[in-house]
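Tertiary structure, described
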Amino acid sequence: MDEIIVSAVYRSDYEKNGFHKIDKDGKLARMDATDDQFSWTKRFVVSPSGEHVAYHHDDQRDEKSYRSRPPRATISRLDGSGSHVYGPEQADGEYFSNIEWSRDGQRIYYASWKRVSASSCPDGLSETKIWSMSVNEDGPELAGEISPAAAAWSIKPAADGDAFALVAFGCGDNPSPFKIWADGELRDLTPSLSYTDPRMAGISWSPDGTRVAILDNARDARAVLHIVNPDGTGLVMLVRRNEDGSLAPG
């Protein structure tokens with residue numbers, strides 16, 4: 001790895017805002033990837049080829065204010081060439097998951113969902129949808145609609161894009177956030193694992209799509225890393241956290 005891509009926000013110098021690269025000597029250089037100098041992002045993902053960056057873009061309305069427009073999924077070339085690709089702006093009451101790339105780096109995936117009450121259970125949510133967006137065309141395509149609705153924090157597409165591993169907010173007597181959506185059905189991947197904060201959890205497919213890795217990074221987690229079959233069988237703990245906070249084989 002010869003360089004690292006970071007997103008930087010300078011409150012005192014708007015022209016420096018945006019994506020930067022840090023080379024192996026520690027030199028920081030701004031990249032012309034975003035479509036205006038006031039852009040910033042909480043999370044972004046670089047494509048497998050390193051040519052594009054995807055992020056939820058929320059433009060500053062003016063340089064004197066920190067108010068921003070509703071975020072929208074955006075794909076930009078890291079070198080600043082070409083045009084940007086946009087999804088629709090986030091609607092009132094709507095939430096977006098993190099963005100993930102397809103294996104070939106030609107499209108992104110993300111989930112949207114709406115909250116109709118304070119509950120994270122299906123009766124407090126509506127319209128959970130998975131979207132796919134190409135690097136060459138504005139606007140997403142609907143890849144699937146999840147029922148019952150789930151408050152998806154992050155999603156990971158399988159290599160063929162026909163199945164998705166999700167981390168979602170738990171609900172009542174079903175607190176496990178790890179789920180699989182495939183063949184139009186949402187099912188719990190690990191119902192026995194009662195993690196509580198999906199923002200501290202991660203999920204990923206093996207390269208051949210036969211296993212799923214699940215990670216809990218919460219400080220009080222005792223089981224840190226598992227692998228499991230996509231149908232929920234074969235759960236194996238690989239890494240655990242000891243009482244003193246140190247890590248050990250499962």
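The structure displayed is predicted, hence computed values, not measured ones.

Time to look at the sheet that holds strand β5 (residues 52–57). Strands sit in the order β4-β5-β6-β7 across an open sheet of 4 strands; the sheet is antiparallel. Two strands in the sheet have a free side with no partner beyond their single neighbour: β4 (44–46) and β7 (85–89). Across the sheet, the axes of successive neighbouring strands diverge by a mean angle of 15°, strand direction being ignored. Pairing analysis gives 6 bridges linking β5 to strand β6 (residues 72–77), with the strands arranged antiparallel. Across the sheet, the residue bridging to H56 is A73, located in β6.

A separate point is unusual backbone geometry. At E127, a position not held by glycine, the phi torsion is positive, near 55°. Under the relative-accessibility criterion, E127 is labelled partly exposed at 39%. Phi is positive for D183, close to 55°, though the residue is something other than glycine.

To continue, consider the nonpolar core. Nonpolar side chains in soluble globular proteins tend to end up buried together. By size, the foremost hydrophobic cluster in this structure holds 16 residues, and its most contacted members are I155, F164, L166 and W181. Excluding residues within four positions of it along the chain, F164 makes contact with Y109, I130, A143, I155, K156, P157, K179, I180, W181 and W205. In terms of nonpolar packing, the next biggest core, distinct from the first, is built from 14 residues, V167, I180, W205 and V228 among them.

This paragraph deals with the sheet that holds strand β14 (residues 163–168). As summarised here, the arrangement of the 4 strands in space is β13-β14-β15-β16, forming an open sheet in which the pairing is antiparallel. Sheet topology places β13 (152–157) and β16 (185–188) at the edges, where each strand pairs with a single neighbour. For this sheet, the mean inter-axis angle between neighbouring strands, taken without regard to orientation, is 25°. Two strands pair when backbone bridges link them, and β13 and β14 are joined in this way by 5 bridges, in the antiparallel orientation. Within the sheet, the bridge partner assigned to S154 lies in β14 and is V167.

Here we take up the environment of S76. Relative to the assigned elements, S76 resides in strand β6. C-alpha of S76 to C-alpha of H52: the two residues are 24 residues apart in sequence and 5.5 Å apart in space.

What follows deals with the pattern of salt bridges. As enumerated under the stated definition, the model contains 5 salt bridges in all. Of the charged contacts, one joins R77 and E51 as a salt bridge, the two residues approaching to 4.0 Å between their closest N and O atoms. Placement of the pair is R77 in strand β6 and E51 in the loop between β4 and β5, with a sequence separation of 26 residues. A relative accessible area of 27% places R77 in the partly exposed class. E51 sits in the partly exposed class, given a relative accessible area of 40%. Linked by salt bridges that have partners in common, E51, R77 and D79 make up one network.

Rules behind the numbers
- Residues numbered from 1 in each chain as written.
- Predicted model: local features only at pLDDT ≥ 70, side-chain atom pairs only at ≥ 80, totals over all residues.
- Heavy atoms only, no water.
- Pairing = 2+ DSSP bridges.
- Helix = DSSP H or I, 4+ residues; strand = E, 2+ residues; numbered from the N terminus.
- Axes fitted to C-alpha atoms, helices over the stretch in contact; angles between N-to-C directions.
- Buried < 20%, exposed > 50% of the residue type's maximum accessible area, 1.4 Å probe, protein only.
- Core = buried A, V, L, I, M, F, W, Y, C linked by side-chain atoms within 4.5 Å.
- Contact = heavy atoms within 4.5 Å.
- Salt bridge = Lys/Arg side-chain N within 4 Å of Asp/Glu carboxyl O.

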